[in-house]
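One letter stands for each residue in the lines below.
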Amino acid sequence: MGFILYMLNSLKGLLPPERQYTYIEDDFPSQLPLRLPSVGLVLDNGAPHFSLYADDDWGTLFPESDGFTDLGPDNRTFLLSYVHQLHCLDVFRVGFVTNRTGFAHHVEHCLRYMRQVVLCYADTTLEVDQPGWMDGRWEHAANGVGSVHRCKDWTVLRKYMDEHPAGPVQQH
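Here goes a summary of the coordinates provided. It should be emphasised that the depicted structure is a prediction, and the values quoted were computed from it without experimental measurement.

Criteria and cut-off values
- Residues numbered from 1 in each chain as written.
- Predicted model: local features only at pLDDT ≥ 70, side-chain atom pairs only at ≥ 80, totals over all residues.
- Heavy atoms only, no water.
- Helix = DSSP H or I, 4+ residues; strand = E, 2+ residues; numbered from the N terminus.
- Expected span 1.5 Å × (residues − 1).
- Buried < 20%, exposed > 50% of the residue type's maximum accessible area, 1.4 Å probe, protein only.
- Arc of directions from axis to C-beta.
- Contact = heavy atoms within 4.5 Å.
- Polar contact = N/O pair within 3.5 Å; in protein donor to acceptor, adjacent residues only side chain to side chain.
- Disulfide = S-S within 2.5 Å.
- Axes fitted to C-alpha atoms, helices over the stretch in contact; angles between N-to-C directions.
- Parallel < 35°, antiparallel > 145°, perpendicular 65-115°, else oblique.
- Left-handed = near helix turned anticlockwise from the far one by under 90°.
- Nonpolar A, V, L, I, M, F, W, Y, C, P; charged D, E, K, R; others polar.

Considerations on helix α4 (residues 104-121)
For the α-helix, the turn length of 3.6 residues means that residues three or four positions removed from each other point alike.
Thought 1: In this model, α4 (18 residues) spans 26 Å end to end at C-alpha, consistent with the 26 Å of a helix rising 1.5 Å per residue.
Thought 2: Among all positions in α4, only C110, Y113, M114 and V117 are buried. Summarising the axial view, the buried residues of α4 lie within an arc of 100°, below the 170-degree limit, and thus occupy one face. Relative to its buried face, α4 has exposed residues pointing more than 90 degrees away, namely A104, H105, L111 and L119.
Thought 3: Of the residues one or two after α4, A122 is the one with positive phi, at around 35°.

Now the structure itself:
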């Protein structure tokens, strides 16, 4: 056991030091420097929560800080993509329920944004085939209910956002 600890400590010296950022212009990390542990998530149908009309349920997903946080020596403000993604899902929901004129532009932006996020994460979780009879023939189908996904613990991220809200807007 002592040899293993010795080797691990020796190998640490071979790793490059963690990069320091100025947070000026493009000199900032692409990800929030916060380690999120992996957790399992078993999908279910969500009923009766998070229906199209459940504004209060959907509201619980958003941090009080609106998802903005300040980072770096000069407290540069950033939005976490996680919150933008939730926002877009909510925009789809509200747009569907209200069908307001003029809302289509925002729904279109969010649809494009979420498409790219889904492609980015390329979730490889396997969902069991539940074939069904459709249009006179058997078709493959899956609803994802019961599938276990390897996820990042979003509760850690939520706690961070609640504890590190952005400061007031600064005019440049």
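Points about the environment of R76
Thought 1: Secondary-structure assignment places R76 in strand β3 (residues 76-79).
Thought 2: Exposure remark for R76: the relative accessible area of 29% places this residue in the partly exposed category.
Thought 3: Between the C-alpha atoms of R76 and G167, which are 91 residues apart in sequence, the distance is 9.2 Å.
Thought 4: In contact with R76, not counting residues within four places along its chain, are Y23, I24, E25, F28, T69, D70 and L71.
Thought 5: Side-chain polar atoms of R76 contact the backbone oxygen of E25, separated by 2.5 Å.

Side note on the state of the cysteines
Thought 1: A complete count under the given rule lists 1 disulfide for this structure.
Thought 2: Between the sulfur atoms of C88 and its disulfide partner C110 the distance amounts to 2.4 Å. As the torsion about the S-S bond is roughly -60°, the C88-C110 disulfide counts as left-handed. Of this pair, C88 sits in helix α3 (residues 81-98) while C110 sits in helix α4, and the two are 22 residues apart along the sequence.

Re the packing of α3 against α4
Thought 1: At a minimum axis separation of 9 Å, α3 and α4 run at an interaxial angle of 130°. The angle between α3 and α4 places the two elements in the oblique class. Crossing geometry of α3 relative to α4 is assigned as left-handed. Side by side, α3 and α4 meet where S81, H84, Q85, H87, C88, L89, V91, F92 and G95 of the first sit next to H106, V107, H109, C110, L111, Y113, M114, V117 and Y121 of the second.
Thought 2: Classifying every residue of the contact of α3 with α4 by side-chain character gives 11 nonpolar, 7 polar and no charged.

Details of α3
Thought 1: The terminal C-alpha atoms of α3 lie 25 Å apart, and with 18 residues this matches the ideal 26 Å at 1.5 Å per residue to within 8%.
Thought 2: At the exit of α3 stands N99, carrying a positive phi of roughly 50°.

Thoughts on the environment of Q31
Thought 1: Looking at the secondary structure, you find Q31 in the loop between α1 (2-12) and β1 (38-42).
Thought 2: Among the residues examined, Q31 registers a relative accessible area of 52% and is labelled exposed.
Thought 3: It is 9.3 Å that separates the C-alpha atoms of Q31 and S81, two residues lying 50 residues apart in sequence.

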